[in-house]
Amino acid sequence: MELSINGQIYTVAGEPDRILLWVLRDELGLTGTKFGCGIGMCGSCTVLVDGQPTRSCVTLLSAVAGKTILTLEGLATVKADGTVVLHPVQRAFEEEQVHQCGYCMTGQMLTAVALLRSNPRPSEAEIIAGMDRVLCRCGAYPRIKRAVARAAEIAGQEGGL
């Protein structure tokens, strides 16, 4: 089966009823996607499938065949000279010093990307509502909210996501 992940095509062998999370982490080495609860509730395993936040711990390979998958590794870009350019969401999360334990950060950042792509200038209430499905063990919600607002500012200055 071929999967389109972060702009590359990967061929994975085996059964289509395998879980996407384990293929990403164990077979493809894309370990930015984290295992949290294993039942699709916490959001730490979130990836974007055709732009939509998707819990990879409960998503079968057969459900993503022919679709575009974005993981944390696909956010930053690398220039020809090897310089890494962080995505506006990554930069904002760094600027606001959101990271604490790291458990939820992949899910938070990818959910923020999806939110800002659908709503480039969200209000505070829209940020809270858009980010409410990813749990944070450390309670960094105020910093997450500030980071999403900051990412919207950065993206607006740079012409979008």
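The rules behind these values
- Residues numbered from 1 in each chain as written.
- Predicted model: local features only at pLDDT ≥ 70, side-chain atom pairs only at ≥ 80, totals over all residues.
- Heavy atoms only, no water.
- Helix = DSSP H or I, 4+ residues; strand = E, 2+ residues; numbered from the N terminus.
- Rg over C-alpha atoms; globule rule 2.2 N^0.38 Å.
- Buried < 20%, exposed > 50% of the residue type's maximum accessible area, 1.4 Å probe, protein only.
- Contact = heavy atoms within 4.5 Å.
- Areas by Shrake-Rupley, 256 points an atom, 1.4 Å probe, with all protein chains shown as cover.
- Lys, Arg positive; Asp, Glu negative; His and termini not counted.
- Charge placed at Lys NZ, Arg CZ, Asp CG, Glu CD.
- Pairing = 2+ DSSP bridges.
- Axes fitted to C-alpha atoms, helices over the stretch in contact; angles between N-to-C directions.
- Parallel < 35°, antiparallel > 145°, perpendicular 65-115°, else oblique.
- Left-handed = near helix turned anticlockwise from the far one by under 90°.
- Nonpolar A, V, L, I, M, F, W, Y, C, P; charged D, E, K, R; others polar.
- Phe/Tyr/Trp six-rings, centres within 6.5 Å; stacked < 30°, edge-to-face > 60°.
- Lys NZ or Arg CZ within 6 Å of the ring centre and 35° of its normal.

(A) How the structure looks around the overall build of the chain. The secondary structure content of the chain amounts to 6 helices and 7 strands. Written out in order from the N terminus, the α and β elements of the chain read β-β-α-β-β-α-β-β-β-α-α-α-α. Taking 161 residues into account, the globule formula puts the C-alpha radius of gyration at 15 Å, and the chain, at 15 Å, falls close to it. Over its C-alpha atoms, taken along the principal directions, the chain stretches across nearly 45 × 40 × 25 Å. Within the span of the chain, comprising 161 residues, buried residues form 43% of the whole. Considering only contacts in the chain between residues 6 or more positions apart, those separated by 24 or more positions represent 56%. Total accessible area on the chain stands at roughly 8100 Å², and carbon and sulfur atoms take up 52% of it. If you average the places of the 15 positive and of the 16 negative side-chain charges in the chain, the two averages end up 5 Å apart.

(B) View of the sheet that holds strand 4 (residues 52-55). With respect to topology, 5 strands assemble into an open sheet ordered 2-1-5-3-4, the strand pairing being mixed. Each having just a single partner strand, strand 2 (8-11) and strand 4 make up the two edges of the open sheet. Taken over all neighbouring pairs, the strand axes of this sheet differ in orientation by 40° on average, direction set aside. In this sheet, strand 4 lies alongside strand 3 (residues 46-49) in antiparallel orientation, the contact comprising 4 bridges.

(C) Main features of the packing of helix 3 (residues 88-95) against helix 4 (residues 105-118). Close contact between helix 3 and helix 4 brings their axes to 10 Å; oriented N to C, the two are set at 125°. Considered as vectors, helix 3 and helix 4 are oriented oblique to each other. Crossing hand, helix 3 versus helix 4: right-handed. Residues Val89, Gln90 and Phe93 of helix 3 form the contact with helix 4, whose participating residues are Met105, Gln108, Met109, Ala112, Val113 and Leu116. Residue composition of the contact of helix 3 with helix 4, grouped by class: 7 nonpolar, 2 polar and no charged.

(D) Layout of the packing of aromatic side chains. Here the structure, examined in full by the defined rule, presents 1 aromatic pair. Ring centres of Trp22 and Phe35 lie 5.2 Å apart, and the angle between their planes is 35°; this geometry places the pair in the tilted category. You can see Trp22 sitting in helix 1 (residues 20-27) and its partner Phe35 sitting in the loop between helix 1 and strand 3, a full 13 residues away along the chain. A relative accessible area of 43% places Phe35 in the partly exposed class. The ring of Tyr103 carries Arg137 above its face, with NZ or CZ at 3.7 Å from the centroid.

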